[in-house]
Amino acid sequence: MKTSYLFPYRFKKASGFLFWITLLLLCSYVMFDSYGNFEIKTKVFAVVADTGLLGGSEWFNWVENSIVDEILFILLIASGLVYAFSKEKTEDEMVSKIRLDSLVWATYFNYIIILLCYMFLYGFAFLNVMMVALFSHLLFFIIRFRWMMYKQNKLSYDEE
Amino acid sequence: MKNNIKIQRAIANLTQAELSEKVGVSRQTINAMELGKYVPSTVLALKIAKVFGKTVNEIFELEETD
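Residues numbered from 1 in each chain as written. Chains lettered and ligands numbered in written order. Predicted model: local features only at pLDDT ≥ 70, side-chain atom pairs only at ≥ 80, totals over all residues. Heavy atoms only, no water.

**Here's the deal with the environment of histidine 137 of chain A**
All names here are of chain A. Heads up, the rule is: The secondary structure listing takes helices from DSSP runs of H or I that are at least 4 residues long and strands from runs of E that are at least 2 residues long, numbered from the N terminus. For this analysis, residues touch if any pair of their heavy atoms sits within 4.5 Å. Polar contacts, as used here, are pairs of N or O atoms within 3.5 Å; protein pairs need one atom able to donate a hydrogen and one able to accept it. Residues neighboring in sequence count only if both atoms are side-chain atoms.
Counting through the fold element by element, histidine 137 comes out in helix 4 (residues 124–158). Counting along the chain gives 28 residues from histidine 137 to phenylalanine 109, while the straight-line C-alpha distance between them is 8.3 Å. Other than its neighbours up to four places away in sequence, histidine 137 contacts Leu103, Ala106, Thr107 and Asn110. Looking at histidine 137, its side chain comes within polar contact range of the side chain of threonine 107, at 2.9 Å.

In structure tokens, the structure reads:
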């Protein structure tokens, strides 16, 4: 199978490692650092930024911001994309099928979860959901795909 | 779709791994096909038939439900 949109297999392990580590770091950062003990303040370019609590905003300006979460997010999304879409050791048509199935499943599952959260969560809880929703699709896909591949491998060792 | 890959493999004295190498897929794919859990593409079916020196029709067969 010639699939040009997948990353080489050699990226798989490293990106997977980075993805899970970053996910762990991001979760602990969001959960335990609500007082801003760990911050890297710097000037960043903002297309839109709030000026105050009362809804004012400024456009195309330099603002002061802690970039820890930005760095973690970039790492998470980049490593997650590479991990999710790098080739398997033996990339063949069945792997493509499993990948496609998992992608469809993850899309449905993700939006069902988001809709449920939308309907039943309000206030700050919902803000957290919005943040998770930025990478949940990728996460659900990775979990589902890895699980199906694992099941496939296990099945095959029972035989013969 | 039914197939008799397992029988053909026994006749040709090939393991799943050897067959998978010859047609360029993983062993898991051969296994899934033998268990009827995966329907191969036309290209793969033709490749498998070629390995056994048979036609595709001799190895793969339509079922009532197809």
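**Quick look at the pattern of salt bridges**
Between side chains of opposite charge, pairing is possible as soon as their charged atoms come close. Residues and elements named next belong to chain A. The test is simple: A pairing counts as a salt bridge when a side-chain nitrogen of Lys or Arg comes within 4 Å of a carboxyl oxygen of Asp or Glu. Here the term buried applies to any residue with accessible area under 20% of the maximum for its type, exposed to any over 50%, and partly exposed to those in between, with areas from a 1.4 Å probe on protein chains only.
The final tally for this structure, using the stated rule, is 5 salt bridges over all chains. Between lysine 12 and glutamate 88 there is a salt bridge, with its nearest N and O atoms 2.7 Å apart. Of this pair, lysine 12 sits in helix 1 (residues 12–32) while glutamate 88 sits in the loop between helix 2 (68–84) and helix 3 (93–120); the two residues are 76 residues apart in sequence, bridging distant segments of the chain. When its relative accessible area of 9% is taken as the criterion, glutamate 88 is described as buried. Among the ionic pairs, arginine 99 bridges to glutamate 91, the shortest N-O distance being 3.0 Å.

**What to know about helix 4 (residues 42–52) of chain B**
Let me state the cut-off plainly: Taken from the helix axis, the directions to the C-beta atoms give the arc we talk about.
Within the sequence span of helix 4 of chain B, burial applies to Leu44, Ala45, Ile48, Ala49 and Phe52 of chain B. Looking straight down helix 4 of chain B, one finds that the buried residues subtend no more than 135° of arc, so they occupy a single side. Residues Thr42, Val43 and Lys50 of chain B are exposed on helix 4 of chain B and point more than 90 degrees away from its buried face. Buried-residue contacts for helix 4 of chain B involve helix 3 of chain A together with helix 1 (5–12), helix 2 (16–23), helix 3 (27–34), helix 5 (56–59) and strand 2 (60–61) of chain B.

**Notes on unusual backbone geometry**
All names here are of chain A. In this structure, phenylalanine 60 is a non-glycine residue whose phi angle is positive, near 45°. Within the secondary structure, phenylalanine 60 is located in strand 2 (residues 57–66). On the accessibility criterion, phenylalanine 60 (56% relative accessible area) is exposed.

**Some thoughts on the interface of chain A and chain B**
At the junction of the two partners, chain A supplies 12 residues and chain B supplies 18 residues. Here chain A and chain B share 0 salt bridges between them. For the pair chain A and chain B, the interface holds 5 residue pairs in polar contact (both at pLDDT 80 or more). Counting only elements with at least two residues in the side of chain A that touches chain B, the list comes to helix 3 and helix 4 of chain A. Considering every element that reaches the side of chain A that touches chain B, the biggest residue donor is helix 4 of chain A, with 5 residues.

**A word on the packing of helix 2 of chain B against helix 3 of chain B**
All names here are of chain B. Inclusion rule: Helix axes are fitted only over the stretch in contact, all axes being lines through C-alpha atoms; the angle between N-to-C directions runs from 0 to 180 degrees. Each angle gets one of four labels, with under 35 degrees taken as roughly parallel, over 145 as roughly antiparallel, 65 to 115 as roughly perpendicular, and the rest as oblique. For this classification, the nonpolar set comprises Ala, Val, Leu, Ile, Met, Phe, Trp, Tyr, Cys and Pro, the charged set comprises Asp, Glu, Lys and Arg, and every other residue, Gly included, is treated as polar.
Interaxial distance between helix 2 and helix 3 falls to 8 Å at its minimum, and their mutual angle equals 110°. Taken together, the axes of helix 2 and helix 3 are roughly perpendicular relative to one another. Where helix 2 abuts helix 3, its residues Gln16, Ala17, Leu19, Ser20 and Val23 lie against Arg27, Ile30, Asn31 and Glu34. Class assignment of the residues belonging to the contact of helix 2 with helix 3 gives a composition of 4 nonpolar, 3 polar and 2 charged.

**Section: the confidence of the model for chain A**
Going by this rule: A residue's pLDDT is simply how confident the predictor is in it, with values from 0 to 100.
Here chain A averages 87 in pLDDT, while 91% of its residues score no lower than 70. No element of chain A has a lower mean pLDDT than strand 2 of chain A, which averages 82, and none a higher one than helix 3 of chain A, which averages 94.

**So, a nonpolar patch on the surface**
Our working rule: Candidates for patches are residues over 30% relative accessible area with no salt bridge; among them, like charges are joined within 9 Å and nonpolar side chains (Val, Leu, Ile, Met, Phe, Trp, Tyr) within 5 Å. We get accessible surface area from the Shrake-Rupley algorithm with a probe of 1.4 Å; when it comes to residues, only the shown protein chains can shield them.
A contiguous nonpolar patch, built from Leu100, Val104, Tyr108, Ile112, Leu115, Leu116, Tyr118, Met119 and Phe120 of chain A and spanning about 1,000 Å² of accessible area, is present on the exposed surface. With respect to the secondary-structure elements, methionine 119 of chain A resides in helix 3.

**Section: the state of the cysteines**
Residues and elements named next belong to chain A. The criterion, for reference: Disulfides are defined in this document as cysteine sulfur pairs within 2.5 Å.
Taken as a whole, this structure holds 0 disulfides over all chains when the rule is applied. Unpaired in terms of disulfides, cysteine 27 finds its nearest cysteine sulfur in cysteine 117, a separation of 15 Å. Here cysteine 27 falls in the partly exposed class, since its relative accessible area comes to 34%. Classification of cysteine 117 as buried rests on a relative accessible area of 16%.

**Observations regarding the side chain of arginine 99 of chain A**
Residues and elements named next belong to chain A. You can see arginine 99 is positioned in helix 3. With a relative accessible area of 7%, arginine 99 lands in the buried category. A distance of 3.0 Å separates polar atoms of two side chains, one belonging to arginine 99 and the other to glutamate 91. In this structure arginine 99 touches Leu6, Ala84, Phe85, Ser86, Lys87, Glu88, Glu91, Phe141 and Phe145, once residues within four positions along its chain are discounted.

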